[in-house]
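The residues making up each chain are set out below.
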Amino acid sequence: MLTPMDIHNKEFKRSFRGYNENEVDEFLDKVMEDYELLYKENSDLKDRVNILNDKLQNYTEIEKTLNNTLVVAQKSAEDLKLNAKKEADLIIQQAQQEAEKIMQKANQEVVRIRAELENQRRKLNVFKAKFKTLLEGELEAVLSIDDREFFGEEQYEKNDEE
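Counting of residues starts from 1 at the beginning of each chain's written sequence and follows it residue by residue. The predicted nature of this model means local features are confined to residues of pLDDT at least 70 and side-chain atom pairs, given and counted, to a pLDDT of 80 or more, with totals for whole chains, interfaces and linings taken over all residues. The side-chain values count all of the structure's non-hydrogen atoms but skip hydrogen atoms and water molecules.

In the nomenclature of an unreviewed UniProt entry, the chain corresponds to Cell division initiation protein from the organism Thermoanaerobacterium butyriciformans. As recorded by UniProt, the Sequence similarities (unreviewed entry) comment attached to the chain reads in full: "Belongs to the DivIVA family." UniProt positions are given in the numbering used here, feature names are shortened, and annotations may be inferred rather than shown by experiment. Under the UniProt heading Subcellular location (unreviewed entry), the entry covering the chain gives this text: "Cytoplasm".

**Q** Hey, could you go over the overall build of the chain for me, with residue numbers and the actual values?
**A** In DSSP terms, a helix is any run of H or I states spanning at least four residues, a strand is any run of E spanning at least two, and both are numbered starting from the N terminus. For the chain, the helix and strand inventory stands at four helices and zero strands. Secondary structure elements of the chain, listed N to C terminal, follow the sequence α-α-α-α. Throughout, radius of gyration means the C-alpha value; the globule benchmark is 2.2 Å times the number of residues raised to the power 0.38. Expected size for 162 residues packed as a compact globule is a radius of gyration near 15 Å; at 64 Å, the chain overshoots this value by more than 25%. The dimensions of the chain, computed from C-alpha atoms along their principal axes, are 205 × 30 × 15 Å. A 1.4 Å probe rolled over the protein chains alone gives each residue an accessible area, and that area as a share of the maximum for its type sets the label: buried under 20%, exposed over 50%, partly exposed in between. The proportion of buried residues among the 162 residues of the chain is 4%. For the chain, the accessible area works out to roughly 15700 Å², and carbon and sulfur atoms hold 56% of it. Counted as positive: Lys and Arg. Counted as negative: Asp and Glu. His and the chain ends are not counted at all. Where a charge lies is defined by one atom per residue type: Lys uses NZ, Arg uses CZ, Asp uses CG and Glu uses CD. In the chain, which carries 26 positive and 37 negative side-chain charges, the distance between the mean positions of the two groups comes to 8 Å. The Shrake-Rupley method, run with a 1.4 Å probe, gives the accessible areas here. Residue values count only the displayed protein chains as cover.

**Q** Which residues make up the pattern of salt bridges, and what values do they have?
**A** The salt bridge definition used is simple: a Lys or Arg side-chain nitrogen within 4 Å of an Asp or Glu carboxyl oxygen. Applying the stated criterion across every chain, the model contains six salt bridges. The shortest N-O distance in the salt bridge between K40 and E36 comes to 3.8 Å. Taken together, the residues K40 and E36, both in helix α2 (residues 21-143) and four residues apart, mark about one turn of the helix. Take E36: its relative accessible area is 31%, and that puts it in the partly exposed class. The salt bridge partner of E118 is R121, with a shortest N-O separation of 4.0 Å. Within this pair, E118 and its partner R121 are both found in helix α2, separated by three residues, close to a single helical turn.

**Q** Account for a nonpolar patch on the surface, naming residues and giving values.
**A** A contiguous nonpolar patch, built from L124, F127, F131, L134 and L135 and spanning about 500 Å² of accessible area, is present on the exposed surface. Mapped onto the elements, L134 comes out in helix α2. Distance thresholds for patches are 9 Å for like charges and 5 Å for nonpolar side chains (Val, Leu, Ile, Met, Phe, Trp, Tyr), applied to residues having over 30% relative accessible area and no salt bridge.

**Q** Quick one: what's the story with a negative patch on the surface, residue by residue and with numbers?
**A** Together, E11, E23, D25, E26, D29 and E33 make up a negatively charged patch on the protein surface. Looking at where E26 falls in the secondary structure, it is placed in helix α2.

**Q** Please give an account of the UniProt feature "coiled-coil region" (unreviewed entry) in the chain that cites residues and values.
**A** UniProt annotation of "coiled-coil region" (unreviewed entry) refers to residues 28-130 when read in the numbering used here. Summarising residues 28-130: 100% helix, 0% strand, and an end-to-end C-alpha distance of 148 Å.

**Q** Could you give me a rundown of the environment of S43, with the residues and numbers involved?
**A** Among the structural elements, S43 can be located in helix α2. C-alpha separation for the pair S43 and S15, spaced 28 residues apart in sequence, amounts to 37 Å.

Structure follows, in structure tokens:
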């Protein structure tokens, strides 16, 4: 690529019927000035492109890092959620097992209390039967007492006379 200095230093051979040397020099000076401006602008733009490319690379790395961080955060959240669910399931399972033990114990206690109640009812019925038998025996004994033997013969005779 030509530089502005290449244009400035360019000399042409002279010929007999050539172009007007002053016009060519003036035109070359103008071309050189315009080319120099374009060359500087192009150089500035290349520098700017390099700076922007560096920034783009930096932003791309930041984006990549953020994406990785987001993926890690999502995975961590999912792991945390999964672990919380497992722990909740374990707590529920333990609670159900404990409830089952309590229910079994309560059922056993109910069976024991019912058996004890039935035993006490039998004992009460046996007591009633024995007491009834005792009372019937005593009643029979009381009824079998002859009033004459108890009060004596004389009392009955007086009552009969009256």
